[in-house]
Every structure is written in C-alpha cells, then in structure tokens.
Amino acid sequence: MFNKKYKKLITASLALMVVFVAGCSSTDDKEETPAGETSLGEQLDYTITGIDAGAGVVAAAEQAMEDYDLEYKVQTSSGAAMTQALSDAIANEEPIIVTGWNPHWKFSKYDLKYLEDPKGSFGEAENINTIARMGLEADMPEAYQVLDNFAWSGEDMENVMVQINEGGEPEEVAREWVDNNTDKTSVWIDGVSSVDGDEINLAYVAWDTEIASTNVVGAVLSDLGYDVTLTQVENGPMWEAVASGNTDAIVAAWLPATHADHYANFEDEVINLGPNLEGAAIGLIVPAYMDIDSIEDLAKK
Ligand code: PBE
C-alpha cells in the first residue's frame, strides 16, 4: 500500500513520538535529568573509581552506597590507576567520582572538592598513627624512640608527595627532604644513639601518603645506622605483619575510622605509638567543575 519512502517517514515519526512521550513521563521531579540529556549516573556508568580492594576508603565508599541507598558500584584498582583516571577525566572535563584522601598531591595539582557526607559514612577527622610490633622497644630501643618521636604536618607530607608525583624516586625525594629539614628530623632523633647496621623492616601499602612517610622514616633510621628494608604489601597483610612481628613497624595506620576493623582485630598484639600526622581525611572527591556538592546529590542525578 505504501511505497518505501512513506514507510520510512512513518517509522521516523513513530520514533519521534516515542522519544517525546518518554521525555514527558519523567518531568514531575525537578531534580531529574531533562529529557534527552544523559544523567550523571549514566555518564559515570554508576561507577565510583576506587583504589585497591583492601583500602579502608573503598570499604567506606561501599558503606556509603548502602547508607545513601545508591546504585553505584565501587570499582577497585590501585591508587595509581585512580589518579590516572582522575587526570584523564580532568583533561577532558568529564565527570568522575574517586575514593580519595588528604594529605595528597592531587589537591595541589587539580581543583577538587570532597562531596559532603552528612551521614558520616567516611568518619570524622583522621590521624595517621605509628604502630610497632610487640617487643620492639626491648629489641631496638633506638628505632623505637625515633618511631615514637616521628610526627610531621600534612604540609610536610604533601611536599614530599608532590615531588614524587613530579617524577622523583621516592627514596631520593625522602633523602633530600630529610637532609633539608633537619629542624624537624633533629627532634625525632634527639638523644637517640646510633647503631651499627642493625636490620629493621617497615611495611607499607603503595598509597601515595604511605610511600612518602615510610621512605622519610626509612631515611632517618638509615642515618642512625640501621640497615632499613621497606616492604610493600596490601593493607590486611600489613596489619597482620606488624601483629605477628614479621615487620617491625608501620607508619600507615589510619585511625580512628579508616582502619578501625584491622585495629580492633590486632589491638592487643601491637603497640600504638600514637599519631604521626593529624588532620587527615578520606571521602568521595570530584573535580570542582562538577555541579554536585554532597553524596546525597547522587540519588537525584
Ligand atoms: N588511604 C590512604 C588508605 C589509608 C591511607 C586513605 C588510601 C585507606 O583507605 O586504607
């Protein structure tokens, strides 16, 4: 009855009507995405860019998805993959949500913001603590004293992190920082005697914060005469190592919230030497150009 041309026209108008009707059916909530536009959730494929599966911030992000009743998945990878994805998204002015933390070099490189967390899924202000194995004080009193004294500011740590991010070898950057900041490091070694090549092991996870701090403490211990080994592990094994005595200490314990489960497991098997850095934080972080401010906004967009 119809020739080919008419058939095409009819199909096209039907398709237009479908689009029109679909567009009309979802306009009652003002916050919803206007017809024809891709929602933020769709643009992000409902994905939060996470880091390593063992990280406390990944567990907290998964908890947040439950607390805020969100359909997003937290994709795990590594700290380095997360910062690469962040950098790629910013280069293209695309949306991205990452599991992040501070101190961190990313804040000096990019214009970023934490999403507000009114339900407190990511906890309050954090400290980074130093944890020693049982018996370290008796076995290596000099190292124990330095580890106990070790404390610096977020700004100090970021100075080291920025230089490593700019391509410096962690060990060399740490060495240089220690040499240039004797006003600080002299307090850590004040009254501590040198040793003669005693072996000491520090475990850490390859998070940018911990790469910086562990290398700095390693450099100071090495100046005192220790034969220092830094062992890179995952978060769970790091806690097991210090609890079992397989490593001598860690400077990477985020408390009270981020590593709360690990600390609760091993509290009686380790010595907590207290904070080496105060005022850290974890959370969901986005580029400042994104027009959301709170985790709650993800439910609407
Ligand atoms: N972090 C950095 C760690 C603690 C240090 C926030 C990635 C974590 O989430 O466990």
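All chains use their own residue numbering, which begins from 1 and follows the written sequence. Note on the predicted model: pLDDT of at least 70 is required for a residue's local features to be given, and 80 or more for side-chain atom pairs to be given and counted; whole-chain, interface and lining totals, by contrast, use all residues. The basis for every side-chain value is the complete set of heavy atoms in the structure, and neither hydrogens nor water enter the calculation.

1. Things to note about the site of the ligand
Right, so step 1: Only a single heavy atom is needed: when it lies within 4 Å of a molecule or strand, its residue is near that molecule or strand. All residues adjacent to the ligand are Ile51, Ala55, Gly56, Val57, Trp101, Trp207, Thr209, Glu210, Trp254, Thr258, His259 and Ile282.
Right, so step 2: Valine 57 is positioned with one of its backbone polar atoms (N or O) 2.8 Å from an oxygen atom of the ligand.
Right, so step 3: Pairing of N or O atoms within 3.5 Å defines a polar contact, subject to two protein rules: one partner must be a possible hydrogen donor and the other a possible acceptor, and residues neighboring in sequence count only if both atoms are side-chain atoms. A distance of 2.7 Å separates an oxygen atom of the ligand from a polar side-chain atom of histidine 259.
Right, so step 4: Considering the ligand on its own, with 280 Å² of exposed area, one finds that the protein chains cover 100% of that surface.
Right, so step 5: To qualify as a helix, a DSSP run of H or I must reach at least 4 residues; to qualify as a strand, a run of E must reach at least 2; elements of each kind are numbered from the N terminus. Listing elements by their share of the shell around the ligand, those giving two or more residues are helix H3 (56–67) and helix H11 (208–223).
Right, so step 6: Partitioning the shell around the ligand into residue classes produces 7 nonpolar, 4 polar and 1 charged. Surface exposure here means Shrake-Rupley accessible area, sampled with a 1.4 Å probe, where a residue is shielded only by the protein chains that are shown. Residues are sorted three ways: Asp, Glu, Lys and Arg are charged, Ala, Val, Leu, Ile, Met, Phe, Trp, Tyr, Cys and Pro are nonpolar, and all the rest, Gly among them, are polar.

2. Description of the confidence of the model for the protein
Regions with low pLDDT should not have their predicted coordinates read in detail.
Right, so step 1: Every residue gets a pLDDT, meaning the predictor's confidence in that residue, from 0 to 100. Here the protein averages 92 in pLDDT, and 89% of its residues register 70 or above.
Right, so step 2: Residue contacts are defined here by distance: any two heavy atoms, one from each residue, within 4.5 Å place the two residues in contact. Note on residues 16–30: pLDDT under 50 across the span, and 2 contacts to partners over four residues away in sequence or across chains.

3. Details of the pairing of strand E6 (residues 199–204)
Every regular strand shows the same layout, with side chains that alternate between the two sheet faces.
Right, so step 1: Type-normalised accessible area, obtained with a 1.4 Å probe on protein chains alone, sets the label of each residue: buried when under 20%, exposed when over 50%, and partly exposed for intermediate values. Within E6, 5 of the 6 residues are buried, which leaves it mostly tucked inside the rest of the structure.
Right, so step 2: Strand direction decides the pairing type here: E6 and strand E7 (residues 227–232), joined by 6 bridges, are parallel. By the bridge assignment for E7, isoleucine 200 is matched with valine 228.
Right, so step 3: At this point the chain moves from E6, through H11, to the parallel E7, and the crossover so formed is right-handed. Two strands pair if DSSP finds at least two bridges between them. The handedness of a crossover follows from its direction of travel: if, with the strands pointing away from the viewer, the path from the first strand over the helix to the second runs clockwise, the crossover is right-handed.

4. Observations regarding the side chain of glutamate 210
Right, so step 1: Within the secondary structure layout, glutamate 210 lies in helix H11.
Right, so step 2: Here tryptophan 254 takes part through its side chain, which lies 2.9 Å from a polar atom of the side chain of glutamate 210.
Right, so step 3: Setting aside chain neighbours within four positions, we find glutamate 210 in contact with Ile128, Tyr204, Val205, Asn215, Val251, Ala252 and Trp254.

5. Observations concerning the pattern of salt bridges
Any two side chains of opposite charge can pair, given that their charged atoms come close.
Right, so step 1: For salt bridges, the criterion is a side-chain nitrogen of Lys or Arg within 4 Å of an Asp or Glu carboxyl oxygen. Within the structure shown, the criterion is met by 6 salt bridges.
Right, so step 2: Among the ionic pairs, lysine 113 bridges to aspartate 293, the shortest N-O distance being 3.2 Å. Linking lysine 113 in strand E4 (residues 112–114) with aspartate 293 in the segment after strand E9 (270–287), this pair joins segments that are 180 residues apart in sequence.
Right, so step 3: Relative accessible area serves as the criterion here: at 19%, lysine 113 is assigned to the buried category.
Right, so step 4: With a shortest N-O distance of 2.7 Å, aspartate 248 and arginine 133 are connected by a salt bridge. Here aspartate 248, found in the loop between helix H12 (235–244) and strand E8 (249–255), pairs with arginine 133, found in strand E5 (residues 126–133); they are 115 residues apart in sequence, far enough to count as distant.

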